[in-house]
Amino acid sequence: MNPQEINEWVSAAKLAFAVAGDLDDLKAARLAHTGDKAPISLASRGLGSLSPDEKASFGKIIGEAKAAIASALADETARLEIARDQKILLEEVVDITLPAKLTHAGGLHPITIIKNDISDFFLAQGYSVVEGPELESSWLNFDALNIPADHPARTMQDTFFVEPLSAGLVLRTQTSPLQIRTMLTSEPPIYIISPGRTFRADELDATHSPVFHQVEGLVVDRGISMAHLKGTLDNFARHMFGPDVTTRLRPSFFPFTEPSAEVDVFFNGRWIEWGGCGMVNPKVLETCGVDTNEFSGFAFGMGLERTLMVRHGITDLHEIVEGDLRFTRQFGVGL
Ligand code: DAH
């Protein structure tokens, strides 16, 4: 063992580390040049058999040699780790310029949109929005609305009766039972609308559907007149069809209103029937325990599908019920 030899070990280790192509190579080189059987390790272990003077001088030289090897190893480890990380980054590179696949986030059906819109419109005027069950008692759907069992209106609205018939339940044919539910549970003044699903035993065709939607309106307060009804419907129609639309009331008949009217809108150059309305029949108010000497009211009801069809020139109801996204997207829904 002499200093010259020790220098050669250091040089050999440095060279082996420097030519290592990756961290595996470096590990092999580290074991060869610093492991138990490496010359520097053997020399280090052999120090014990030297004289004290030699031990001191060689100990210093070997210590410095070990430090030099460790420092070279650290440098090359850092170099190879950087190389490895760069290789991984290159392998995992993502081409952010590739066109993304368009995904649909989902959106609201036009019927839901118009329902929300109508609700917001009336909420802003102080109305409440109420909802009721689709499976309704026939007393609330008919009798309380002054439609007795033998009344033609009951068969006019082809009703889905629900078994057992003795339970007296129907799929509601109209949202009008919400008038009764509201008057039975709250005191006037009452200002409500009730949008919701309604059912009639019709075949699905261009203008009929067994499941459709209506919105009901009911106001009961002191001094309510037909003028309030007309003003309310005018505002509602303008909100639905645009500021230039005009409405007219045509005398009609509904058992729960007296007098009753159909409300038409003049839209795109012609009169179109929009819904039914009238002053709440005093019989209905009395059934619900409302004092007719003090209070009067108006009510209205219209179809949401019909409103959409008129407003957008939709001629086939299938478009609304079938859920084809090409139709839905035309309404600017976030899809
Ligand atoms: N319920 C009626 C129908 O389905 C519509 C209607 C007419 C509702 C007159 C009303 C009303 O509130 O006053 O045909």
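About the criteria used
Residues numbered from 1 in each chain as written. Predicted model: local features only at pLDDT ≥ 70, side-chain atom pairs only at ≥ 80, totals over all residues. Heavy atoms only, no water. Axes fitted to C-alpha atoms, helices over the stretch in contact; angles between N-to-C directions. Helix = DSSP H or I, 4+ residues; strand = E, 2+ residues; numbered from the N terminus. Parallel < 35°, antiparallel > 145°, perpendicular 65-115°, else oblique. Left-handed = near helix turned anticlockwise from the far one by under 90°. Contact = heavy atoms within 4.5 Å. 1 Å grid on protein atoms, 1.4 Å probe; cavity = no way out; pocket = protein on both sides within 12 Å on 5 of 7 lines; lining within 4 Å. Points joined across faces, edges and corners; volume = space filled by probe spheres on them. Nonpolar A, V, L, I, M, F, W, Y, C, P; charged D, E, K, R; others polar. Near = heavy atom within 4 Å. Polar contact = N/O pair within 3.5 Å; in protein donor to acceptor, adjacent residues only side chain to side chain. Areas by Shrake-Rupley, 256 points an atom, 1.4 Å probe, with all protein chains shown as cover. Sits in = over half its atoms within 2 Å of the grid points. Buried < 20%, exposed > 50% of the residue type's maximum accessible area, 1.4 Å probe, protein only. Arc of directions from axis to C-beta.

Caption draft 1: Local environment of the packing of helix α3 (residues 39–46) against helix α4 (residues 52–91). Packing of α3 against α4 brings their axes to within 11 Å, and their N-to-C directions diverge by 150°. In this view, α3 runs roughly antiparallel relative to α4, as classed from their interaxial angle. The handedness of the crossing between α3 and α4 comes out as left-handed. Facing I40, A43 and S44 of α3, the residues of α4 in contact are I62, A65, K66 and I69.

Caption draft 2: Spatial organisation of the layout of surface pockets. Reported here for the largest pocket is a volume of approximately 1,200 Å³. Around the largest pocket, the lining comprises 47 residues; the ones closest to its centre are R200, Q214, E273, G303 and R306. Within the residue set of the lining of the largest pocket, elements represented by two or more residues are α7 (152–156), β6 (211–221), β7 (246–254), β8 (257–267), β9 (270–280), β10 (296–303) and α11 (304–312). No other element matches β9, which puts seven residues into the lining of the largest pocket. Classifying every residue of the lining of the largest pocket by side-chain character gives 20 nonpolar, 18 polar and nine charged.

Caption draft 3: Structural detail: the packing of helix α5 (residues 110–123) against α11. Close contact between α5 and α11 brings their axes to 10 Å; oriented N to C, the two are set at 100°. Accordingly, the angle class assigned to the pair α5 and α11 is roughly perpendicular. Between α5 and α11, the contacting residues are P110, I111, I114, K115, D117 and I118 on the first element and L304, E305, T307, L308 and R311 on the second.

Caption draft 4: Highlighting the site of the ligand. Taken together, 16 residues lie around the ligand, and Q174, S176, R200, Q214 and E216 are the ones closest in. Separating an oxygen atom of the ligand from a side-chain N or O atom of Q179 is a distance of 3.1 Å. A distance of 2.9 Å separates an oxygen atom of the ligand from a polar atom in the side chain of Q214. For the ligand, the protein covers 92% of the area, taking 360 Å² as the surface of the free molecule. Here the ligand occupies the largest pocket. Those elements that provide at least two residues to the shell around the ligand are β6, β9 and β10.

Caption draft 5: Looking closely at α3. Looking at α3, one finds that the buried residues are I40, S41 and A43. In an axial view of α3, the angular spread of the buried residues amounts to 160°, which keeps them on one side of the axis. Tucked into the core, α3 has its buried residues touching α1 (3–19), α2 (23–34) and α4.

None of this, on its own, says anything about what the molecule does.
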